[in-house]
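A closer look at the structure
Read off the chains here:
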Amino acid sequence: MLLNEHPSYGTTLVDLPSGGGLDCLADEWRGRDAGEYQVAFRNGIRHVRRLLPGVPGREAGPADAAAPVVTDTHTYLITGGLGGLGLTTAHHLVGLGARHIALVGRSATPPPDAAHLLESLRTKAEVTVHQGDISEPGDVRQIIAELTSAGPSRWAGSCTPLGALADMPVSELDWESLDAVFRAKVYGTWLLHEATAYLPELRFFVGYSSAASVVGGATQANYAAANAFLDHLMVRRAAHGLPGLSINWGPWSEVGMSARLGEPVLAAWQSQGIKLFTPRRGMRALTTLLDGPAAQVVAGECDWDRFTAAKPVANALYERLTGAGRPDTTAFDLDALLAQAPQERAAAVEEFVRTTVATVLHFESAESVESDVPFPQLGLDSLVAMELKNALERAFHLPLPASVAFDHPCAEQLAAHIDAQLTAGQPA
């Protein structure tokens, strides 16, 4: 996340083995590879992280017919089950053969736009609704007691499509903003992990994570951290022989949090190559992954060349997904710019700032960005401000604070600030 918000720092994650590895850390510091920002050392071997295309397969065997992943005799628990994504998942499990669904929600009723999904579900399966907050141990104990009252073997699967957002730059995060996002993804998932650890017939435990924990996203450090916890927990479960699968979903259309976002955010995603995942395609992916071998999979649609071109730095994480390489995003020759007369240079900087503002706001041209109009009046919010900052850093090779668009809140002021930074220390 720091790499997205403050790319000039070159923040790198180095995972060391327990009880040692400081020599490896020193070597990494001295001789780091360009573009490598996630490194792990195990048994003296250096590993780097890569995203790989495709879906992990699974060979069918004789056991598949005898032990289907979804049956009509077991109960399947869905937390966040009264939301659109939870009910979509419930319908899909019923389509796979489930006839007993347990939905958990903090409210006992779905929101108005999802009520018809619950009504339809009840015509196809036995549905029980359990009201409670899964981040509260007492509520989880009560839900587990209700579910296991007929015997623990009846509970055979769990999906967790729930989460919360509290977006803000890393520099503004406080405990309250972390805690609000951690409650469901971290505290709740851990409590369910403990509760399901000894269920003898549990076939799957699916955590609905987010691609944010893998590829990052400006202003979403708390959300990415919460989902990263879920990812690692599912990998840990799988390593210990327990059912565990984390799906790092891209943004959904029609259902989920992304379906409620405003047009500017959706337009920004589109410009970066991020596409919305339809519920139909998402459920097909869930079917493929549900009883597969992987413990963590990214599922979504993206134009990776466009996505990586919009990133503030080149990152080897994506090298297996992109084409010939990352284009040079510098808009002009900085040496030539600095050689210009002061008035000409300032005008060129301001014109570039206006053009970049128009680009991130999806205006047709820089003519729509008047030099003295405050950015908020143009529709610039904190997410777009981070995109603007990163674009200007790439172009001018200058480190800029996350708040730069609010500290200098119009094109004229921002251009003057950048011009001053460019010429600092230059001979008069």
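Given the structure is predicted, the values throughout are model-derived calculations rather than measurements. (Residues numbered from 1 in each chain as written. Predicted model: local features only at pLDDT ≥ 70, side-chain atom pairs only at ≥ 80, totals over all residues. Heavy atoms only, no water.)

So, the pairing of strand β7 (residues 155-160)
Note the threshold: Buried, partly exposed and exposed residues are distinguished by accessible area as a fraction of the type maximum, computed with a 1.4 Å probe on protein chains only: under 20%, between the cut-offs, and over 50%, respectively. In this text, helices come from DSSP runs of H or I with a minimum length of four residues, and strands from runs of E with a minimum of two, each type numbered from the N-terminal end. Note on pairing: DSSP must find at least two bridges between two strands before they are called paired.
The buried fraction of β7 is high, at six of six residues. Bridge count between strand β4 (residues 75-79) and β7: four bridges; the pairing is parallel. Pairing of leucine 77 across the sheet is with serine 158, part of β7. With four bridges connecting them, β7 and strand β8 (residues 204-210) associate as parallel partners. When the sheet's bridge partners are listed, threonine 160 is paired in β8 with glycine 207.

Some remarks on the packing of helix α16 (residues 382-396) against helix α18 (residues 411-423)
Short version of the rule: Fitted lines through C-alpha atoms give the axes, limited to the stretch in contact for helices. The angle between two N-to-C directions lies from 0 to 180 degrees. The handedness criterion is simple: a crossing whose near helix is rotated anticlockwise from the far helix by less than a right angle is left-handed, and one whose near helix is rotated clockwise is right-handed. In this description, contact between two residues means that some pair of their heavy atoms is separated by no more than 4.5 Å. Charged means Asp, Glu, Lys or Arg here, nonpolar means Ala, Val, Leu, Ile, Met, Phe, Trp, Tyr, Cys or Pro, and polar covers whatever is left, Gly included.
Relative orientation of the contacting elements α16 and α18 amounts to 35°, with a least axis distance of 12 Å. Once α16 is placed against α18, the crossing between them reads as right-handed. Facing Leu388, Leu392 and Phe396 of α16, the residues of α18 in contact are Leu414, Ile418 and Leu422. Considering only residue class, the contact of α16 with α18 consists of six nonpolar, no polar and no charged.

Here we look at helix α10 (residues 263-271)
Applicable threshold: In this description, the arc belongs to the directions extending from the helix axis to the C-beta atoms.
Looking at α10, one finds that the buried residues are Val265, Ala268 and Trp269. Buried residues of α10, seen end-on, are gathered within an arc of 100° and therefore sit on one face of the element. What points out from α10, more than 90 degrees from its buried face, is the exposed set Glu263 and Gln270. If you follow the buried residues of α10, they end up packed against β10 (274-275) and α16. Looking one or two residues past α10, glycine 273 carries a phi angle of roughly 90°, positive in sign.

So, the packing of aromatic side chains
How we decide: Whether two aromatic rings pair depends on their centres lying within 6.5 Å, for rings of Phe, Tyr and Trp, where Trp uses its six-membered ring; planes under 30 degrees apart make the pair stacked, over 60 edge-to-face, and the rest tilted.
Considering all chains together, one arrives at 10 aromatic pairs under this definition. Residues tryptophan 252 and phenylalanine 277 carry aromatic rings whose centres are separated by 6.0 Å and whose planes lie at 65° to one another, so their mutual orientation is edge-to-face. Placement of the pair is tryptophan 252 in the loop between β9 (245-249) and α10 and phenylalanine 277 in the loop between β10 and α11 (279-290), with a sequence separation of 25 residues. The exposure class of phenylalanine 277 is buried, given its relative accessible area of 5%.

Points about the sheet that holds strand β1 (residues 13-15)
The three strands are arranged β1-β2-β3 in an open sheet whose pairing can be described as mixed. Each end of this open sheet is capped by a strand with a single partner; those strands are β1 and β3 (45-48). Strand-to-strand twist in this sheet, taken as the mean axis angle between neighbours without regard to direction, amounts to 20°. In the sheet, strand β2 (residues 38-42) pairs with β3 via four bridges, with the strands oriented antiparallel. Its bridge partner lying in β3, arginine 42 is registered against isoleucine 45.

Any functional reading would require information beyond the geometric quantities listed.
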